[in-house]
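Chain by chain, the residues run as shown.
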Amino acid sequence: MVEIKRQTKETNISVKLEVYGKGEAKINTGIGFFDHMLTALAKHSLMDIELSCEGDREIDDHHSVEDCGIVLGQAFAKAVYPVSGIERYGDSVLVMDEAAVSAALDISGRAFLVFKAKMKDKIGAFDSELIPEFFTAFAHNAKITLHIKKQRGKNAHHIAEACFKAVAVALRKALAKNERIGMPSTKGCL
């Protein structure tokens, strides 16, 4: 179990992360839809995530969502590096009714994000433009290469949920233990 706390002028965040958990979540950001997405991330990755965030939501949700991505990514990096005995790569295509989103990732120690899913609609009160902000912060702080691409879909809720669940399944696959691999790099290090 990794625990990280981070306080800035905009947010006060606490994260507990068990990478090889049961998919249990205890999420409280004060942002209902975002809590729903982080719960889905935990459930389908089989990581246990406890996350609480107090943010400057009187302004908007941007700092809270981005900073949650930063702290969750830092906890992930602390839990998995140095990498050894895992698959390292994972991918998934997740469907939610009419929507399909693919995610592919590399637990590489190199941060990079490709996000190809235009998010501009409101989902209830949630600004869907914050979804790529979360994944940017998460990927860079987790030190993973992450590609997310909408293949099809019209409903913003379905597309957003497919993004989080596709990433979760790809993480679960990449984190799968495989002792035969040892250090999953021809260079001998990541």
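If you're wondering where the values come from, they're calculated on a predicted model, not measured in any experiment. (Residues numbered from 1 in each chain as written. Predicted model: local features only at pLDDT ≥ 70, side-chain atom pairs only at ≥ 80, totals over all residues. Heavy atoms only, no water.)

### Digging into the side chain of aspartate 61
- Relative to the elements of secondary structure, aspartate 61 occurs in the loop between strand 4 (48–55) and helix 2 (62–80).
- Engagement of the side chain of aspartate 61 in a polar contact is seen with the side chain of arginine 57, the distance being 2.8 Å.
- Setting aside residues up to four positions removed in sequence, aspartate 61 forms contacts with Ile31 and Leu130. (Helix = DSSP H or I, 4+ residues; strand = E, 2+ residues; numbered from the N terminus. Polar contact = N/O pair within 3.5 Å; in protein donor to acceptor, adjacent residues only side chain to side chain. Contact = heavy atoms within 4.5 Å.)

### Observations concerning the sheet that holds strand 7 (residues 112–116)
- Judged by pairing direction, the sheet is mixed, and its four strands sit side by side in the order 5-6-10-7 without closing on themselves. Only two strands of the sheet have a single neighbouring strand rather than two, namely strand 5 (89–96) and strand 7. Neighbour-to-neighbour, the strand axes of the sheet open up by a mean angle of 10°, direction not taken into account.
- With seven bridges joining them, strand 6 (residues 99–106) and strand 10 (residues 145–152) adopt antiparallel strand pairing. Opposite alanine 103, over in strand 10, you have isoleucine 148 as the bridge partner. (Pairing = 2+ DSSP bridges. Axes fitted to C-alpha atoms, helices over the stretch in contact; angles between N-to-C directions.)

### Looking at the packing of aromatic side chains
- Scanning the entire structure with this criterion turns up nine aromatic pairs.
- For the pair phenylalanine 134 and phenylalanine 135, a centre-to-centre distance of 5.2 Å together with 75° between the ring planes defines the contact as edge-to-face.
- Since its relative accessible area comes to 1%, phenylalanine 134 is described here as buried.
- Taken together, a centroid distance of 6.1 Å and an interplanar angle of 10° make the contact between phenylalanine 134 and phenylalanine 138 stacked. Here the residue phenylalanine 134 and the residue phenylalanine 138 both occupy positions in helix 3 (residues 130–142), the gap between them amounting to four residues, near one helical turn. The same class applies to phenylalanine 134 and to phenylalanine 138, which are both buried. (Phe/Tyr/Trp six-rings, centres within 6.5 Å; stacked < 30°, edge-to-face > 60°. Buried < 20%, exposed > 50% of the residue type's maximum accessible area, 1.4 Å probe, protein only.)

### A few points about unusual backbone geometry
- Note the cis peptide between tyrosine 81 and proline 82, where omega equals 0°.
- Its location among the elements puts proline 82 in the loop between helix 2 and strand 5.
- Its identity is not glycine, yet arginine 88 carries a phi of approximately 80°, on the positive side.
- With respect to the element layout, arginine 88 can be found in the loop between helix 2 and strand 5.
- With relative accessibility at 6%, the residue arginine 88 sits in the buried group.

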